[in-house]
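Fold and geometry: a report
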Amino acid sequence: MTVLFGQFGFCCACYAYTSKFFHNYIFNPKQKCKGSFYGNSLFSKKQSCYFLKRRYLNLVSRHRRNTKIQFCTVKSCLPNNQNINFSEDRRTTFIDFKENGTQVDEDHESKLYQLEEDEDELIQEYAEDNLWETTAVTERYASLDQRDYLISKKLVEYLDVRKNEAQIQSEYPMDKDAILDWWVAAVDSKKFKELQNLYGNFGIFFLENFPDFAENKLYEGKLTPKDKAILKARRLYSCMGVPAIADSLLFVIEPGGSHSQGYQFEQLDDNVDRLLETLRTTSKPNRVTTFYSYVAYCDGERELVEEGICEVDIFFAHSSQASIASSTAFDNLMLRLRTDLHLPAYRPDDEMDVIQNADAKDAALLSKSVYKRQKLPGAVLLADRLLHEADLLQGNLIKVTSFLNHQVDVSLMESCGKDLASLLRDTNPTKILTIETSGLLPAITVSRELGLFMVYARHGKSITMSDCIHTFYRSQTKGELYELVISREYLGENDRVVIIDDFLAGGSTLDALIRLANMAGTEVCGIGVLIERTDMGGRAFLSGYNIPIFSLVRLSVSSEGLRVENIDKF
Ligand SMILES: O=P(O)(O)OC[C@H]1O[C@H](OP(=O)(O)OP(=O)(O)O)[C@H](O)[C@@H]1O
């Protein structure tokens, strides 16, 4: 992975060879996904680190979520032609800043600092600076009526019906300050669906999308794509009085030598692919084509623009690759907005209840907004914690003592309990069965969610227990043989249990619990675990029982570190 600070500021080029996201493009090592910054090329040390981190995290999130990132000290603002090399040990990425091949900090290890520690400060500093990049555009169009530049028939019709902002705002289903945020968009229709789903998780709904903004013939060619994104967002905000997001695209084919001109497109369709097909026969394979995407946000107080760039040799270029640039820009905007607007990861449940109990008129509007909350928020939070806090110990054991099985994040447990409960509810259990010690934590919250008693198997008979069922199992983590005991008083033939545990690894613990339940004549109708180690074969081991197994987070451990496998589903 290479990062360059170039003439126009910061430029991040990523050879994304392991990412599923880039899977289709593995064959072309020259393909790059770039993010760059506008404006002044001089950044403060902290800004550079923060930007770098943001870009890097964005890319890492797609293919190496387990990587911890550390940045070494940047001595000063980076002049042109400096480069930064990433090197990776198993779980840590070190980024060494180099100048013309010479390491800036010989003793860089001692100066490495973990960015997470400084993150708040960096974000604060960054937030204070968030307006600088749109100033130039503001000045350029300050003297003219911006309405003239871009026209949306749909917006005109929309405003014809509503007449004024008050009327638009009267359509809001609820007091937006209290519960919801209503936004509007001027983006590609497919992107709009993604936006609705994504921002819905933050309680943000889109009133309407206006994808038909076009340049007024009078001004055609005078606007850069970045200007267009900003002006569209600004126009929407000024008409509707709610925050607006708008995007625009540019595809550039560089001139192919003295006989072949360059091309620029703002709309991508089959014609572009046909042209590429034709040019391929006469161009050098490495003639550069570039997709640029700009996404702007305007809410009256802030104007933000993010850029995504995807550079592809003509030999491999296809219009579909525009989505790489576009997704990069949208992801970057999302990261900025989450920082700048302090968006919570999820709305608290009581707020969600209000939304779900909306009256008919409100419900209609909500359904129009295709509100979709992530189905398993606990799983997302758990995956996040695993990626940030779990450590690998000798023997590939995963240490999660900071939030799961020593110090416990109870609210995380509650969220996970809700998720497991929703996955297991349909199995119609009458009781929850678990095992001491760590299994108790998720089991308690699942029991509460389902309104059922929880019974836990004990490591040895207590003096108060009579009429017990015993079995033995070997703990893979500790390598020791354990007795497992349960009292017949609380588990019988009339019960159906779901078994809850924190981990499924080799499966011997769950096997013992199933055997225990079977001895009591109790049917096991489902199994729910927080974390499944797919590299340890537990699911296969238990498959003979034909009991449905639900796990919130599936992960594996290899020489590359810890890898969450179902992250795409979150
Ligand atoms: O699928 P397996 O290979 O059986 O491993 C999973 C079990 O290992 C852990 O328990 P541990 O024995 O470490 O005890 P604890 O609950 O007291 O932490 C975990 O809580 C599971 O119960």
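What counts and what doesn't
Residues numbered from 1 in each chain as written. Predicted model: local features only at pLDDT ≥ 70, side-chain atom pairs only at ≥ 80, totals over all residues. Heavy atoms only, no water. Helix = DSSP H or I, 4+ residues; strand = E, 2+ residues; numbered from the N terminus. Contact = heavy atoms within 4.5 Å. Salt bridge = Lys/Arg side-chain N within 4 Å of Asp/Glu carboxyl O. Buried < 20%, exposed > 50% of the residue type's maximum accessible area, 1.4 Å probe, protein only. Core = buried A, V, L, I, M, F, W, Y, C linked by side-chain atoms within 4.5 Å. Near = heavy atom within 4 Å. Polar contact = N/O pair within 3.5 Å; in protein donor to acceptor, adjacent residues only side chain to side chain. Areas by Shrake-Rupley, 256 points an atom, 1.4 Å probe, with all protein chains shown as cover. Pairing = 2+ DSSP bridges. Axes fitted to C-alpha atoms, helices over the stretch in contact; angles between N-to-C directions. pLDDT = per-residue confidence, 0-100. Expected span 1.5 Å × (residues − 1). Parallel < 35°, antiparallel > 145°, perpendicular 65-115°, else oblique. Left-handed = near helix turned anticlockwise from the far one by under 90°. Nonpolar A, V, L, I, M, F, W, Y, C, P; charged D, E, K, R; others polar.

1. Points about the side chain of Ser-326
Checked against the element boundaries, Ser-326 lands in helix α10 (residues 322–340). If we skip the residues at most four places from it in the chain, Ser-326 touches Lys-191 and Ser-293.

2. A closer look at the pattern of salt bridges
Taken as a whole and assessed by the stated rule, the structure comprises 16 salt bridges. A salt bridge links Arg-302 to Asp-299; the shortest N-O distance between them is 2.9 Å. For Asp-299, a relative accessible area of 14% puts it in the buried group. For Glu-532, the salt bridge is made with Arg-539, and the minimal N-O distance between the two is 2.8 Å. A cluster of three or more residues bridged by salt bridges with shared partners is formed by Glu-215, Lys-228 and Glu-266.

3. What to know about the nonpolar core
For soluble globular proteins, nonpolar side chains are generally found buried alongside one another. Judged by nonpolar contacts, the single largest core of 33 residues is most densely connected at Leu-382, Leu-386 and Leu-530. Mapped by element, the contributors of at least two residues to this core are α13 (377–389), α14 (410–424), α15 (440–450), β23 (496–504), β24 (523–533), β25 (549–558) and β26 (561–564). The biggest single contributor to this core is α14, with 6 residues. Each residue touching Leu-382, except ones within four places of it in the same chain, is listed here: Phe-403, Leu-412, Cys-416, Leu-530, Ile-531, Leu-552 and Val-553. Within the second largest apolar cluster, 27 residues are counted, among which are Tyr-219, Ala-233, Met-240 and Cys-298.

4. Topic: the site of the ligand
Neighbouring residues of the ligand: 15 residues in total, closest Asp-501, Asp-502, Ala-505, Gly-507 and Thr-509. In this structure, Gly-507 approaches the ligand through a main-chain N or O atom, which is 2.7 Å from an oxygen atom. Thr-509 has a polar side-chain atom sitting 2.5 Å from an oxygen atom of the ligand. For the ligand, whose free accessible area comes to 500 Å², the fraction covered by protein is 89%. Elements supplying a minimum of two residues to the shell around the ligand: β23 and α16 (508–519).

5. Some remarks on the sheet that holds strand β20 (residues 453–457)
Across the sheet, 6 strands lie side by side as β20-β19-β23-β24-β25-β26; this open sheet has mixed pairing. Looking along the sheet, the strands with just one partner apiece sit at the ends: β20 and β26. Each adjacent strand pair in this sheet contributes to an overall mean axis angle of 30°, direction not counted. The pairing of strand β19 (residues 431–435) with β23 spans 3 bridges and is parallel.

6. Focus: the confidence of the model for the chain
Mean pLDDT over the chain: 70, with 62% of residues reaching 70 or higher. No element of the chain has a lower mean pLDDT than strand β3 (residues 32–36), which averages 27, and none a higher one than β19, which averages 98. Across residues 1–136, confidence stays below pLDDT 50; counting only partners more than four residues off in sequence or on other chains, it has 293 contacts. Low pLDDT, under 50, characterises residues 346–351; the predicted model gives this stretch 16 contacts beyond four residues in sequence or across chains. Here the prediction assigns the complex a pTM of 0.44, and the interface score ipTM is 0.94.

7. Examining α15
Considered for burial, the residues of α15 that qualify are Leu-440, Pro-442, Ala-443, Thr-445, Val-446, Ser-447 and Leu-450. For α15, the elements touching its buried residues are α14, β19, β20, β23 and β24.

8. Comments concerning α14
Helix length check: α14, at 15 residues, gives a terminal C-alpha distance of 20 Å against a target of 21 Å (1.5 Å per residue), a fit within 8%. Residues of α14 that are buried include every one of Leu-412, Met-413, Cys-416, Gly-417, Asp-419, Leu-420, Ala-421 and Leu-424, and no others. Residues of α14 that are buried in the fold lie against α13, α15, β23, β24 and β25. Two or three places before Ser-411, at the start of α14, stands the capping residue Asp-409, its side-chain oxygen 3.2 Å from that residue's backbone nitrogen.

9. Concerning the packing of α13 against α14
Packed helices, taken two at a time, are described by the angle between their axes plus the distance between the axes. Where α13 meets α14, the closest approach of the two axes is 7 Å, and the angle between their N-to-C directions is 135°. Taken as axis vectors, α13 and α14 run oblique relative to one another. In the packing of α13 onto α14, the handedness of the crossing is left-handed. Contact with α13, carried on its side by Pro-377, Gly-378, Ala-379, Leu-381, Leu-382 and Arg-385, involves Leu-412, Ser-415, Cys-416 and Asp-419 of α14 and no other residues of that element. When grouped by side-chain class, the residues that make up the contact of α13 with α14 number 6 nonpolar, 2 polar and 2 charged.

10. Structural notes on the pairing of β25
Burial analysis of β25 places 7 of its 10 residues in the buried class, the great majority of the element. Note: β24 against β25, 6 bridges, orientation parallel. By the bridge assignment, Arg-533 is partnered in β25 with Leu-555. With 4 bridges connecting them, β25 and β26 associate as antiparallel partners. Directly across from Ser-558, in β26, lies its bridge partner Gly-561. In sequence, β25 turns back onto β26 through a hairpin of 2 residues.

11. Structural notes on the environment of Ala-233
Residue placement: Ala-233 occurs in helix α8 (residues 225–240). A relative accessible area of 1% places Ala-233 in the buried class. On a C-alpha basis, the gap between Ala-233 and Ala-246 in space is 5.1 Å, while along the polypeptide they are 13 residues apart. When residues no more than four places from it in sequence are discounted, the contact partners of Ala-233 are Ala-244, Ala-246, Ala-296, Tyr-297 and Cys-298.

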